[in-house]
Amino acid sequence: MKKILWLLRQIFLIPVYLYKGILSPFFGGGSCLYHPTCSSYMVDSVTKHGIFKGFIMGFARIIRCSRWFYGGDDPVPDTWSWKAIKDGFTLFRKR
């Protein structure tokens, strides 16, 4: 069962891997405001929390990767919660 879930997660992450390998080099290094990068955050969150919850966390992170937020160190939380997602928006927001 664990192998099947791992395989489903890897299939789900194919677009992210394609982006990291094909498109990301054209944008140049250091274009992401956060560490780890948004694509790495998506991979880590889906691997750690599953497809549905991990996608929500990764998508919220991609939305935060804009000029209205500071950026910085933002690792994937060990536990999933709506509060952790909301805290990312309030912690990094430019005022």
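Let me sum up the structure you'll find in this document. (Residues numbered from 1 in each chain as written. Predicted model: local features only at pLDDT ≥ 70, side-chain atom pairs only at ≥ 80, totals over all residues. Heavy atoms only, no water.)

The next point concerns a nonpolar patch on the surface. The grouping of Trp6, Leu7, Ile11, Ile14, Leu18, Tyr19, Ile22, Leu23, Phe26 and Phe27 at the surface amounts to a nonpolar patch, some 1100 Å² of accessible area in total. Those elements giving two or more residues to the nonpolar patch turn out to be helix H1 (2-12) and helix H2 (14-27). For the nonpolar patch, the element with the most residues is H2, which contributes seven residues. By the element assignment, Leu18 lies in helix H2. The partly exposed category is assigned to Leu18, whose relative accessible area is 47%. (Patch = residues over 30% accessible without salt bridge, like charges linked within 9 Å, V, L, I, M, F, W, Y side chains within 5 Å. Areas by Shrake-Rupley, 256 points an atom, 1.4 Å probe, with all protein chains shown as cover. Salt bridge = Lys/Arg side-chain N within 4 Å of Asp/Glu carboxyl O. Helix = DSSP H or I, 4+ residues; strand = E, 2+ residues; numbered from the N terminus. Buried < 20%, exposed > 50% of the residue type's maximum accessible area, 1.4 Å probe, protein only.)

Attention now moves to the nonpolar core. Listed in full, the six residues of the largest apolar core are Tyr41, Ile56, Met57, Ala60, Val76 and Ile85. The greatest single-element share of this core, amounting to three residues, is contributed by helix H4 (residues 51-64). Ignoring sequence-local partners within four residues, the contact set of Met57 consists of Tyr41, Ser45, His49, Pro77, Trp80 and Ile85. The next biggest cluster of nonpolar side chains, apart from the first, holds five residues, and it includes Leu13, Met42, Val43 and Val46. (Core = buried A, V, L, I, M, F, W, Y, C linked by side-chain atoms within 4.5 Å. Contact = heavy atoms within 4.5 Å.)

Quick look at the packing of H2 against helix H3 (residues 38-49) now. Between two packed helices, both the angle of their axes relative to each other and the distance between the axes serve to describe the pair. One way to put it is that H2 packs onto H3 with a least axis distance of 10 Å and a crossing angle of 155 degrees. The orientation of H2 with respect to H3, classified from their angle, is roughly antiparallel. Crossing of H2 against H3: the hand is left-handed. Within the contact between the two elements, H2 uses Val16, Tyr17, Tyr19 and Lys20 and H3 uses Ser39, Ser40, Met42 and Val43. (Axes fitted to C-alpha atoms, helices over the stretch in contact; angles between N-to-C directions. Parallel < 35°, antiparallel > 145°, perpendicular 65-115°, else oblique. Left-handed = near helix turned anticlockwise from the far one by under 90°.)

Let us look at the pattern of salt bridges. All told, the structure shown has four salt bridges when counted by the stated rule. Ionic pairing is found between Asp74 and Arg61, a salt bridge with its closest N-O pair at 3.6 Å. Of this pair, Asp74 sits in the loop between strand E2 (72-73) and helix H5 (82-92) while Arg61 is found in helix H4, placing the two residues 13 residues apart along the sequence. A single burial state applies to Asp74 and to Arg61, both of which are buried. Note that Lys83 and Asp87 form a salt bridge whose closest N and O atoms lie 2.8 Å from each other.

With that settled, the discussion passes to the packing of H3 against H4. Where H3 contacts H4, the axes come no closer than 7 Å and their chain directions differ by 160 degrees. Compared by their axis directions, H3 and H4 come out roughly antiparallel. Crossing handedness for the pair H3 and H4: right-handed. Within the contact between the two elements, H3 uses Cys38, Tyr41, Met42, Ser45, Val46 and His49 and H4 uses Ile51, Lys53, Gly54, Phe55, Met57, Gly58, Phe59, Arg61 and Ile62. Of the residues in the contact of H3 with H4, the class split is nine nonpolar, four polar and two charged. (Nonpolar A, V, L, I, M, F, W, Y, C, P; charged D, E, K, R; others polar.)

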